[in-house]
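Below, each chain spelled out in residue letters.
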Amino acid sequence: MFALVDCNNFYVSCERVFCPALVGKPVVVLSNNDGCVIARSSEAKALGIAMGAPFFKSRDLFEKHNVRFFSSNYALYGDMSGRVMTTLEQFTPDLEIYSIDEAFLCLDGFSDLTSYAQRIRLTVRQHTGIPVSIGIAPTKTLAKLANKIAKKDASLQGVLDLADAHNIDSLLAGVAVEDVWGVGARYAAMLGRHGITNACQLKNAGDGFIHKTMTIAGLRTVRELRGEPCIELEQSPAPKKAIGSSRSFGRPVDDMAELLESVSEYVSRAAEKLRRQHCAASLVQVYLTTNRFKDEPQYANYLSCTLPSPTAYTPELISCAQACIRAIYRKGYRYKKTGILLSGITPANGLQLNIFAGGRRTRGDEKALMHALDSLNRRYGSNTVQFASSGIDKRWKMLQSYKSPFYTTRWDELPAVKA
DNA sequence: TCTGGGGTCCTAGGACCC
DNA sequence: TCTGGGGTCCTAGGACCC
């Protein structure tokens, strides 16, 4: 048996923990660059504020209903997520952290699951202040679905064990096909054209048709809806096969020097992650693009660069990425965004050395330098030491005009309790 | 002035190998 | 008139997830 524990309106809930005055009021959290709405309180949803709604188009509505809004504060959300997951680990030895706000728990061998799940809810609430909902079922896909129903139906008090339902098919018939895990907008439209609009109809669709139109992954989804487990619990996350970093700029950028700074910064971020998983990369991909929403000359391009041997040495990766930008940069455009992707990832120990790389500084020196860099930044905060090529002013940086304090990760921003 | 970021998996097609 | 068969690897594109 699987339980899916999902935090309710997670980012909004994190903000509310440290600012209880927000409880009961419409609250939203914005994407990077304060671009779109990516989390909404139930009050905000009730006002008709859509997921992904552009912030600047909604400002009037926000003002009218006194909607509170926040820039995203990932240091806070990541830290709160860790606290929730640590609490969940007390309830089962077998747990998969699926995303920042969700975990699958294996409940095999446990009894009285609904009341156990209620205890989980109360404990998470007490330890972290975060409200969660829990769906229980014999497959992950059904557990996701049960969770969705538990969130919607207030009478369930946040928990639904599908085994308790007397008529699962009628429950499935009440769930739109696009709300099934693994069915996105494209598949939902395609299925709709074939008369399949709810989860029960999808469950009863023909295997051949599903395989042909939705590949093997779609077939797994359908089998899971029938109660046949096809997707296992993954307890130890596999190392990443690709690590990317990209950001929209806070304002249009036309100067190549600033584009070079931005990719240097993004490569530094990605390389840090690469070293954290003890890997090296052999392929650097770089792209740039203008703002597709603007009625002005558009240009987008990308270029990749294969390294002679895999590396996790930031300066080498930066040189590659900057060479790519120089090659694809065209003067006269207003750029909106650059991004990089590291791939061809292999474990850093036992690297194939390059026979032609003699005479350069040794791998040992590079490793020591990166280790020192990472240690300093871990201890004293991100970007305490950085590469000059990433720039000093960084006037291209994204906007974060409405960010809440780093309540849990910076000494000088800890909330104070007044006597 | 203003529309996010970071991933995974599957498939098809092309280049290459023997 | 007439030119094989079996395979791997890589990449791009399209779908999905949060």
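Anything mentioned here points back to the structure above.
What comes next is a walk through the structure.

About the criteria used
Residues numbered from 1 in each chain as written. Chains lettered and ligands numbered in written order. Predicted model: local features only at pLDDT ≥ 70, side-chain atom pairs only at ≥ 80, totals over all residues. Heavy atoms only, no water. Buried < 20%, exposed > 50% of the residue type's maximum accessible area, 1.4 Å probe, protein only. Helix = DSSP H or I, 4+ residues; strand = E, 2+ residues; numbered from the N terminus. Arc of directions from axis to C-beta. Contact = heavy atoms within 4.5 Å. Near = heavy atom within 4 Å. Polar contact = N/O pair within 3.5 Å; in protein donor to acceptor, adjacent residues only side chain to side chain. Nonpolar A, V, L, I, M, F, W, Y, C, P; charged D, E, K, R; others polar. 1 Å grid on protein atoms, 1.4 Å probe; cavity = no way out; pocket = protein on both sides within 12 Å on 5 of 7 lines; lining within 4 Å. Points joined across faces, edges and corners; volume = space filled by probe spheres on them. Pairing = 2+ DSSP bridges. Axes fitted to C-alpha atoms, helices over the stretch in contact; angles between N-to-C directions. Salt bridge = Lys/Arg side-chain N within 4 Å of Asp/Glu carboxyl O. Expected span 1.5 Å × (residues − 1).

What follows concerns helix α8 (residues 185-193). Of the residues making up α8, those classed as buried are Ala188, Met190 and Leu191. Projected onto a plane normal to the axis of α8, the buried residues spread over an arc of 165° and lie on a single side. When the buried face of α8 is taken as reference, the exposed residues oriented beyond 90 degrees from it are Ala185, Arg186 and Arg193. Those residues of α8 that are buried are in contact with α9 (199-203) and α10 (207-225).

This part covers the protein's contact with DNA strand C. The full set close to DNA strand C counts 14 residues, and Glu102, Lys144, Gly184, Arg186 and Tyr187 are the nearest of them. Looking at DNA strand C alone, sugar and phosphate atoms form 100% of those within 4 Å of the protein. Taking Gly182, its main chain carries an N or O atom lying 2.9 Å from a phosphate oxygen of DNA strand C. Residue Tyr187 places a main-chain N or O atom 2.8 Å away from a phosphate oxygen belonging to DNA strand C. Looking at the surface near DNA strand C, the elements with two or more residues in it are β5 (95-99) and α8. At 3 residues, the largest contribution of residues to the surface near DNA strand C is made by α8. Here the residues of the surface near DNA strand C are counted per class, giving 7 nonpolar, 3 polar and 4 charged.

Our next topic: empty space enclosed by the protein. If a probe the size of a water molecule is rolled over the atoms, the empty space left behind becomes visible. By the definition in use, this model includes 1 cavity of 30 Å³ or more. Size it by volume and the largest cavity reaches roughly 80 Å³. Going through the elements one at a time, α11 (256-276) and α13 (363-380) are the ones with two or more residues in the lining of the largest cavity. Per-element tally for the lining of the largest cavity: the top contributor is α11, with 5 residues.

Judged by pairing direction, the sheet is mixed, and its 3 strands sit side by side in the order β3-β2-β4 without closing on themselves. Pairing within the sheet leaves two strands with one partner each, and these edge strands are β3 (37-40) and β4 (68-70). In this sheet, adjacent strand axes meet at a mean angle of 30° when their direction is disregarded. Bridge analysis of strand β2 (residues 27-30) against β3 gives 3 bridges, and the strand direction is antiparallel. Bridged to Leu30 within β3 is Val37. Contacts between helix α1 (residues 10-17) and the sheet are confined to β2, β3 and β4, with β2 contributing the most and set at about 115° to the helix.

Next up on the list: the pattern of salt bridges. Throughout the structure, instances matching the rule amount to 18 salt bridges. Note that Lys203 and Asp169 form a salt bridge whose closest N and O atoms lie 2.6 Å from each other. Placement of Lys203 in helix α9 and of Asp169 in helix α7 (residues 168-173) is noted, with a sequence separation of 34 residues between them. The class of Asp169 is partly exposed, set by a relative accessible area of 32%.

With 16 residues, helix α5 (residues 113-128) should cover 22 Å at 1.5 Å per step; its first-to-last C-alpha distance of 22 Å lies within 8% of that length. Its buried side turned inward, α5 meets α1, α4 (74-89), β6 (102-106), β7 (132-137) and β8 (159-161). Of the residues trailing α5, Gly129 is marked for its positive phi of about 85°.

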